[in-house]
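Chain by chain, the residues:
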Amino acid sequence: MESVEKNTSVKIRETIPDSILDMADEIVLIDLSPDDLRKRLQEGKVYVPEKANLAGDYFFKKENLTFLRETALNYTARHVNVALDSEKFREKILVSIGSNPNSYSLLRYAKRLAYERNGELFAIYNQTRENLTKENLSQLEKNLSFARELGCEILYAADEDTAEAILRISGQKSITRVVIEKSDTNWWWRWNSTASKLARIPSNFELCLVPYSFISGEESVLNRFLRTSSGGKQYLTSLTLILLATCISLFLEPIAGYWSISLLYLFFVSGIGSFFSKGPTVLAGLLSGIFWDFLFIPPRYTFFIEKLEDVLMFGAFLFISIIIGNVTSRLRQK
C-alpha cells in the first residue's frame, strides 16, 4: 500500500488485509491495458460521467494505471512461484517492532519479503525498562494488532538489550533473516544501535537493514538539506562553522591556552567531515590552520611562527585535521 501511495500520490482507503489474499487457493488476474480502462472510464462504464472526468485527471492517469498493472502482474507472478515452491525450503523471517510509528511500514516490508520467499513471518517486541507514554502505548498496540493481522507469530522478550533478545530468539526459532530499521542518525550514534550490534556479532541469519527514509517516506531536515545542497552551499556552511569555532576560541583562549584551541578546531573539522564531502572538509582543515596560526600562535596577527615547537605543532595540526576530515567523510559515505 505504501508503494502505491508513494507512486500515485493518492491516499488509498479501499483496502483489504493481506491475510485475505494469503488464504486464497487461487488468484485470477483480469488484465486490462491502461488505454482500454481509460476508454471505459470515458464511456461511463466505471463512474458516472461527472466523476469520470475527475477520476481520469486524478487517480486514473495513464502512468498510475501502468504502475498498478505492473504491481498486480508482479504479485500474481509471486503467488505462482510460491505455489510451485511450497514444498521447498521455507525461510523464517523475524522483524523487530516497537512503539515507533515506523514499525507499521516495517511490518509491511517484512510481509512482502516473507511472501516473495514463501517464508514464515515472526515479529519480536522487546520490552525494556523505558517508560512509554500513552501515545507510545497506543502506537505499540496498533503495531501489534497489525502484526497479528498480517499473520505474524508475535514473540515477546524482556532483555536489557534488544540485540541480545533478537539473537536469542533467532537461535530458538532457527530464523534465517532478520529485518530491522536502519538508524538515520550519524555514524557515531549508530555504533550502539541494535542494527550495528547485530552487524558486528557473528550469526546464522541474514541481516536486512531497511533505511528510515524508505519505510517512512520522509527525510530529516538536515539530510534533505545535505542531499539537495550544491557544492557551493557546503563550502559556505563549512566556512561558517569554522568562523563559529574561531569566535568560540577567542573566548576560550585566555583560559585554556592557544594549544588547546587546536582541539576545538579538530572537533569542528571532524563534524564537518561527518556531513559534507571531501572538498569542504579539506577547506575546513586549511582554514582552521590559517586562523589558528594568525590569531592564536605567538606572535599574533602574523603568519610567522617563532618557536620550533609551535612550528611542529602547527604542521601536525594541519596533517591531523585533514586526515580526520577525510576519514569521517569516508565513514559518512559508507
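Since the structure is predicted, the reported quantities are computational estimates derived from the model, not experimental observations. (Residues numbered from 1 in each chain as written. Predicted model: local features only at pLDDT ≥ 70, side-chain atom pairs only at ≥ 80, totals over all residues. Heavy atoms only, no water.)

1. Looking at the overall build of the protein chain
Right, so step 1: Across its full length, the protein chain holds 16 helices and five strands.
Right, so step 2: By residue count, 37% of the 334 residues in the protein chain fall in the buried class.
Right, so step 3: In the protein chain, 72% of the contacts between residues at least 6 apart in sequence involve partners at least 24 apart.
Right, so step 4: Element-wise, carbon and sulfur atoms account for 58% of the exposed surface of the protein chain, whose accessible area totals about 20,000 Å². (Helix = DSSP H or I, 4+ residues; strand = E, 2+ residues; numbered from the N terminus. Buried < 20%, exposed > 50% of the residue type's maximum accessible area, 1.4 Å probe, protein only. Contact = heavy atoms within 4.5 Å. Areas by Shrake-Rupley, 256 points an atom, 1.4 Å probe, with all protein chains shown as cover.)

2. Brief notes about the packing of helix H14 (residues 258-275) against helix H15 (residues 278-295)
Right, so step 1: One way to put it is that H14 packs onto H15 with a least axis distance of 9 Å and a crossing angle of 165 degrees. In terms of axis orientation, H14 runs roughly antiparallel to H15. When you trace H14 past H15, the crossing you get is right-handed. Residue-level contacts link Tyr 258, Trp 259, Ile 261, Ser 262, Tyr 265, Val 269, Ile 272 and Gly 273 of H14 to Pro 280, Thr 281, Ala 284, Gly 285, Ser 288, Phe 291 and Trp 292 of H15.
Right, so step 2: Grouping the amino acids of the contact of H14 with H15 by side-chain chemistry returns ten nonpolar, five polar and no charged. (Axes fitted to C-alpha atoms, helices over the stretch in contact; angles between N-to-C directions. Parallel < 35°, antiparallel > 145°, perpendicular 65-115°, else oblique. Left-handed = near helix turned anticlockwise from the far one by under 90°. Nonpolar A, V, L, I, M, F, W, Y, C, P; charged D, E, K, R; others polar.)

3. Description of the UniProt feature "transmembrane region" (unreviewed entry) in the protein chain
Right, so step 1: As annotated by UniProt and renumbered to match this structure, "transmembrane region" (unreviewed entry) occupies residues 258-276, 283-305 and 311-329.
Right, so step 2: Counted over residues 258-276, helix gives 95% and strand 0%. Its end C-alpha atoms are 27 Å apart.
Right, so step 3: Taken end to end, residues 283-305 is 57% helix and 0% strand, and its two terminal C-alpha atoms sit 22 Å from one another. (UniProt positions renumbered as here; feature names shortened; annotations may be inferred.)

4. Looking at the environment of Gln 234
Right, so step 1: Mapped onto the elements, Gln 234 comes out in helix H13 (residues 231-256).
Right, so step 2: Taking the C-alpha atoms as reference points, Gln 234 and Pro 280, separated by 46 residues in sequence, lie 6.3 Å from one another.

5. Description of the side chain of Glu 253
Right, so step 1: Relative to the helices and strands, Glu 253 resides in helix H13.
Right, so step 2: Residue class for Glu 253 comes out buried when judged on its relative accessible area of 15%.
Right, so step 3: Within the local environment of Glu 253, its side chain forms a polar contact with the side chain of Arg 300, the two groups lying 2.6 Å apart.
Right, so step 4: Beyond its immediate stretch of four places on either side in the chain, Glu 253 contacts Tyr 258, Ile 261, Phe 296 and Arg 300. (Polar contact = N/O pair within 3.5 Å; in protein donor to acceptor, adjacent residues only side chain to side chain.)

6. Here's the deal with the pattern of salt bridges
Right, so step 1: Evaluation of the coordinates by the stated rule reveals seven salt bridges.
Right, so step 2: One salt bridge connects Lys 173 with Glu 153, and the closest N-O pair in it is separated by 3.1 Å. Linking Lys 173 in helix H8 (residues 162-173) with Glu 153 in strand E3 (residues 153-157), this pair joins segments that are 20 residues apart in sequence.
Right, so step 3: Glu 206 is the partner of Arg 177 in a salt bridge, and the nearest nitrogen-oxygen pair spans 3.0 Å. Pair noted here: Arg 177 is in strand E4 (residues 177-182) and Glu 206 is in strand E5 (residues 206-211), with a separation of 29 residues, a long-range link. (Salt bridge = Lys/Arg side-chain N within 4 Å of Asp/Glu carboxyl O.)

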